[in-house]
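Chain and residue survey
Chain residues, written in single-letter form:
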Amino acid sequence: MRSTFWAMVTVLALSVVLCLFARHAQLNLVEDLTKMNDQAREMIWNEDFAGALALSEKMMRRFDHRRDVLEMVSSHDDLHETHQHLVDAWVALKCEDKDDACQALAQLSEMLEHLRNHEQITLANLC
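Overview of the structure. (Residues numbered from 1 in each chain as written. Predicted model: local features only at pLDDT ≥ 70, side-chain atom pairs only at ≥ 80, totals over all residues. Heavy atoms only, no water.)

1. Observations concerning the side chain of Thr 82
Along the chain, Thr 82 falls in helix α3 (residues 76-94). Take Thr 82: its relative accessible area is 0%, and that puts it in the buried class. Apart from residues lying up to four places away in sequence, Thr 82 is in contact with Phe 63, Leu 108, Met 111, Leu 112 and Leu 115. (Helix = DSSP H or I, 4+ residues; strand = E, 2+ residues; numbered from the N terminus. Buried < 20%, exposed > 50% of the residue type's maximum accessible area, 1.4 Å probe, protein only. Contact = heavy atoms within 4.5 Å.)

2. Some points on the packing of helix α2 (residues 49-70) against α3
Their axes nearest at 9 Å, the elements α2 and α3 cross at an angle of 160°. On the basis of their axis angle, the class for α2 and α3 is roughly antiparallel. At the point where α2 passes α3, the crossing takes the left-handed sense. In contact with Phe 49, Ala 52, Leu 53, Ser 56, Glu 57, Met 59, Met 60, Phe 63, Asp 64, Arg 67 and Leu 70 of α2, α3 contributes Leu 79, His 80, Thr 82, His 83, Leu 86, Val 87, Trp 90, Leu 93 and Lys 94. Tallied by class, the residues present in the contact of α2 with α3 amount to twelve nonpolar, four polar and four charged. (Axes fitted to C-alpha atoms, helices over the stretch in contact; angles between N-to-C directions. Parallel < 35°, antiparallel > 145°, perpendicular 65-115°, else oblique. Left-handed = near helix turned anticlockwise from the far one by under 90°. Nonpolar A, V, L, I, M, F, W, Y, C, P; charged D, E, K, R; others polar.)

3. Describing the environment of Cys 102
In this structure, Cys 102 sits in helix α4 (residues 98-118). Judged by its relative accessible area of 15%, Cys 102 is buried. Separated by 13 residues in sequence, Cys 102 and Ala 89 have C-alpha atoms that sit 7.6 Å apart.

4. Some words on the packing of aromatic side chains
Overall, the coordinates contain one aromatic pair when judged by the stated rule. With a centroid separation of 5.2 Å and 70° between ring planes, the pair formed by Phe 5 and Trp 6 is classed as edge-to-face. (Phe/Tyr/Trp six-rings, centres within 6.5 Å; stacked < 30°, edge-to-face > 60°.)

5. Considerations on a nonpolar patch on the surface
Together, Phe 5, Trp 6 and Val 9 give the surface a local cluster of nonpolar side chains, amounting to about 300 Å² of exposed area. By the secondary structure assignment, Phe 5 is in helix α1 (residues 2-45). (Patch = residues over 30% accessible without salt bridge, like charges linked within 9 Å, V, L, I, M, F, W, Y side chains within 5 Å. Areas by Shrake-Rupley, 256 points an atom, 1.4 Å probe, with all protein chains shown as cover. Salt bridge = Lys/Arg side-chain N within 4 Å of Asp/Glu carboxyl O.)

6. Some details on the packing of α1 against α2
It is the contact of α1 with α2, at a shortest axis distance of 9 Å, that shows an interaxial angle of 170°. Our classification of the angle between α1 and α2 gives roughly antiparallel.

Geometry only, nothing functional implied.
Here's what the structure looks like:
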């Protein structure tokens with residue numbers, strides 16, 4: 001009986017640590033992507049499509065590198081939609097389409113904000 005209790009406590013503690021690690025990784029990634037997104041939009045307005053394209057590629061690599069950790073705390077659909085906005089921005093920047101690039105980056109910004117707010121540890125999210 002006592003060994004079962006300690007096994008449950010250990011599994012619970014490991015689960016909490018894993019969730020906290022994933023949440024921390026998510027917040028760091030969302031903050032990094034938000035900063036790079038703002039920089040990319042500034043580059044677009046300054047007609048620096050090559051710089052914005054390089055930055056969008058860096059954003060996609062960083063997102064793909066952390067995707068497995070993000071799957072622990074975020075919904076697959078939210079991550080898919082975020083990735084889709086990254087790809088849309090990359091394609092628009094490759095074509096040097098200012099309007100579509102700005103639209104994709106604005107949608108990415110909204111999706112990042114959604115990820116930040118949707119996964120917060122609040123009473124509403126716990127229920």
